[in-house]
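Inside the fold
Take a look at the letters that make up each chain.
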Amino acid sequence: MRRMSRSLTCVLLVVGTTTVGGLDTQPLYLGWYDGLNADTAPTCNLNLASTPSKAVAVRGLASHKIDALLSVRDTFFSGPGLRPDWESQWASIQEVGKELIANGTIIGFNLGDELGWNCISPANITAAANAVRADFPRGTAIIWYNEAGFFGRPRSEIKNSCQEPVPDYTIPSAVDWFSADIYHMSGPVTGWVNMYPRKFYETYIFPNLTATQKALLVPGSFGSNVNHYPNGTYVCDNHCYDVMCAQDANDFYAWAKADSRVAAIAPWNWEGCPGCNGSRWTPPHTCCMDEIGTVDQPLARAAWAQIGKSIIGL
């Protein structure tokens with residue numbers, strides 16, 4: 001996802017067999033990272049809910065069953081650290097979580113987005129993951145956590161957005177699913193998915209997963225009208241993004257189908273994000289913040305719709 005705080009609601013998941021929430025009989029999950037609505041619900045069956053009530057409410061948007069992951073980011077973290085009262089906050093949430101898992105409303109929890117990049121220490125991320133795992137042993141609930149790709153370098157060079165060295169960054173062993181967002185902004189390139197995100201996963205993620213963990217893929221699926229060099233020459237305008245993201249969507253899906261280590265695809269984003277930087281070269285938070293959602297990208301929208309139908313079996 002982009003480097004800013006937000007409430008998230010849905011992910012597109014291709015999930016292996018598990019005992020959680022009946023997933024052994026429903027191995028495929030579909031959705032969008034940033035939203036579930038009347039347009040996306042017909043090909044979405046997993047929701048990332050910010051509250052228990054939202055986990056319940058989205059079920060009415062589709063004729064098929066929609067499961068959910070409940071966000072617990074704010075339960076554990078405040079700014080770049082653990083909340084002082086995280087233990088009591090988690091004690092309350094986990095009781096609700098047990099009820100929601102028992103009645104089939106949720107199948108697990110989302111720890112948060114880009115936690116390490118946003119200056120939360122590996123020790124604190126691990127503490128949160130371990131707390132969830134202690135109350136929900138593996139096989140009873142899914143724990144997912146998405147990170148930025150900042151750790152894709154020699155350990156001595158790893159720094160977070162606060163420019164603090166993080167040589168001890170690690171994927172918590174307690175999580176079930178892990179992902180890193182790596183976005184394409186330079187225009188259509190044949191084989192880009194294999195050359196960049198897949199190579200990143202092969203180098204920095206897959207070797208560091210345990211036998212019980214899976215990876216998620218987080219394709220960029222958005223556009224921009226401000227992606228230009230400093231002299232104003234476009235790198236990739238909105239139509240260029242549309243062509244690029246449609247091509248990449250099919251390549252990400254082909255990867256996910258062929259690689260048993262991949263548990264999910266969670267494309268970002270559907271609705272658009274006016275406060276996000278859709279440009280590779282325009283400095284963040286300067287002149288030109290526009291990230292156009294897939295809802296306004298006809299080629300990418302059609303590609304993901306077809307992928308969703310294929311996964312769900314429509």
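This part is about the confidence of the model for the protein. Chain-level statistics for the protein give a pLDDT mean of 86 and a share of 86% at 70 or above. In the predicted structure, residues 3–18 sits below a pLDDT of 50 and forms 85 contacts with residues beyond four places in sequence or in another chain.

Along the chain, the position of Thr294 falls in the loop between strand S11 (292–293) and helix H8 (298–312). Assessed through its relative accessible area of 0%, Thr294 is described here as buried.

Below, the discussion takes up unusual backbone geometry. Residue Trp268 is joined to Asn269 through a cis peptide bond whose omega torsion reads 5 degrees. Within the secondary structure, Asn269 sits in the loop between strand S10 (262–265) and S11. Although it is not a glycine, Glu114 adopts a positive phi angle of roughly 50 degrees. For Gln163, which is not glycine, the phi dihedral falls at a positive 65 degrees. Mapping Gln163 onto the fold places it in the loop between strand S6 (142–148) and strand S7 (177–181). Accessibility expressed as a relative area gives 53% for Gln163, which makes it exposed.

One can describe the packing of helix H3 (residues 86–102) onto helix H4 (residues 122–135) by two numbers: an axis separation of 11 Å at closest approach and a directional angle of 40 degrees. If you check the angle between H3 and H4, you find them oblique. Relative to H4, the crossing made by H3 is right-handed. On the side of H3, the interface is formed by Trp86, Trp90, Gln94 and Lys98, while H4 contributes Ala131, Val132 and Asp135.

So, on to empty space enclosed by the protein. For the coordinates displayed, the defined rule picks out one cavity of 30 Å³ or more. Looking at the largest cavity, the residues that line it are Ala180, Ile182, Pro197, Tyr201, Leu217, Val218 and Phe252. A class-by-class count of the residues in the lining of the largest cavity yields seven nonpolar, no polar and no charged.

Okay, the environment of Trp86 next. Inspection of the secondary structure assignment puts Trp86 in helix H3. Considered as a pair, Trp86 and Ala131 are 45 residues apart in the sequence and their alpha carbons are 10.0 Å apart.

What follows is about the pairing of strand S1 (residues 46–49). Here S1 shows a buried face lined by Leu46 and Leu48 and a second buried face lined by Asn47 and Ala49. Two elements, S1 and strand S2 (residues 67–71), share four bridges in a ladder whose sense is parallel. Bridge assignment links Leu46 to a residue of S2, and that residue is Asp67. Taken together, S1, helix H1 (residues 52–57) and S2 form a β-α-β motif whose crossover is right-handed.

With the rule as written, the count across this model stands at three disulfides. Shown here is the disulfide that connects Cys236 with Cys240, its sulfur atoms set 2.0 Å apart. Between Cys236 and Cys240, the disulfide has an S-S torsion of -100 degrees and is therefore left-handed. Neither residue differs from the other here; Cys236 and Cys240 are each classed as buried. In this model Cys273 forms its disulfide with Cys276; the gap between the sulfur atoms is 2.1 Å. In this structure the cystine formed by Cys273 and Cys276 twists about its S-S bond by roughly 55 degrees; its chirality is therefore right-handed. Overall, Cys273 belongs to the buried group, its relative accessible area being 9%. Cys276 sits in the buried class, given a relative accessible area of 1%. Cysteine Cys245 shares no disulfide, and the gap to the nearest cysteine sulfur, in Cys236, comes to 7.8 Å.

Ordered in space as S1-S2-S5-S6-S7-S8-S10, the seven strands form an open sheet in which the pairing is parallel. Strand pairing shows two members of the sheet lacking a second neighbour, S1 and S10, which therefore form its edges. Strand-to-strand twist in this sheet, taken as the mean axis angle between neighbours without regard to direction, amounts to 25 degrees. One ladder, built from three bridges, connects strand S8 (residues 214–218) with S10; its direction is parallel. The residue bridging Leu216 from the neighbouring strand is Ala264, located in S10.

Attention shifts here to H4. Since one α-helical turn is 3.6 residues long, residues separated by three or four positions face the same way. Taking 1.5 Å of rise per residue, 14 residues should cover 20 Å, and H4 covers 20 Å from first to last C-alpha, within 8% of that figure. Looking at H4, one finds that the buried residues are Pro122, Ile125, Ala128, Ala129, Ala131, Val132 and Arg133. Looking at the buried positions of H4, the neighbouring elements they touch are helix H2 (73–76), strand S3 (77–78), H3, strand S5 (108–113) and S6.

Taken as a whole and assessed by the stated rule, the structure comprises 22 aromatic pairs. For the pair Trp32 and Trp304, a centre-to-centre distance of 5.9 Å together with 80 degrees between the ring planes defines the contact as edge-to-face. Taken together, the positions of Trp32 in the segment before S1 and Trp304 in helix H8 put the pair 272 residues apart, joining distant regions of the chain. Judged by its relative accessible area of 7%, Trp32 is buried. Here the aromatic residues Trp117, Tyr145, Phe150, Phe151, Tyr169, Phe178, Phe200 and Tyr204 are joined through ring pairs into a cluster of three or more. When the ring centre of Phe206 is taken as reference, the NZ or CZ atom of Arg261 above it lies at 3.8 Å.

What counts, and at which threshold
- Think of each chain on its own: its residues are numbered from 1, step by step along the sequence as written.
- At least 70 in pLDDT is required for a residue's local features to be given in this predicted model, at least 80 for side-chain atom pairs to be given and counted, and no such filter applies to totals for whole chains, interfaces and linings, which use all residues.
- Excluding hydrogens and water, the side-chain figures rest on all heavy atoms present in the structure.
- Confidence of the predictor at the level of single residues is given by pLDDT, which spans 0 to 100.
- Residues count as neighbours in contact if any of their non-hydrogen atoms are within 4.5 Å of one another.
- In this text, helices come from DSSP runs of H or I with a minimum length of four residues, and strands from runs of E with a minimum of two, each type numbered from the N-terminal end.
- Accessibility here uses a 1.4 Å probe with only protein chains present; expressed as a share of the type maximum, an area under 20% marks a residue as buried, one over 50% as exposed, and anything in between as partly exposed.
- Fitted lines through C-alpha atoms give the axes, limited to the stretch in contact for helices. The angle between two N-to-C directions lies from 0 to 180 degrees.
- Note that the term roughly parallel is reserved for angles under 35 degrees, roughly antiparallel for angles over 145, roughly perpendicular for angles of 65 to 115, and oblique for everything else.
- Each helix crossing is assigned a hand: it is left-handed if the near helix lies turned anticlockwise from the far helix by less than a right angle, otherwise right-handed if that turn is clockwise.
- The method works on a 1 Å grid over the protein atoms by themselves. A cavity is a set of points holding a 1.4 Å probe that cannot get out, a pocket is an open set with protein on both sides within 12 Å along at least five of seven lines, and residues with an atom within 4 Å of a point line them.
- Grid points are joined across faces, edges and corners, and a volume is the space filled by probe spheres set on the points.
- Three classes are used: nonpolar for Ala, Val, Leu, Ile, Met, Phe, Trp, Tyr, Cys and Pro, charged for Asp, Glu, Lys and Arg, and polar for all others, with Gly counted as polar.
- At least two bridges found by DSSP between two strands are what make those strands a pair.
- For a crossover, the right-handed case is the one in which the path from the first strand over the helix to the second runs clockwise, viewed with the strands pointing away from the viewer.
- Criterion for a disulfide: a pair of cysteine sulfur atoms at a distance within 2.5 Å.
- To estimate how far a helix should reach, multiply one less than its number of residues by 1.5 Å.
- The pairing test for Phe, Tyr and Trp rings, Trp by its six-membered ring, is centres within 6.5 Å, and the orientation test on the planes gives stacked under 30 degrees, edge-to-face over 60, and tilted for anything in between.
- Working rule: Lys NZ or Arg CZ, within 6 Å of ring centre, within 35 degrees of ring normal, means a charge sits over the ring.

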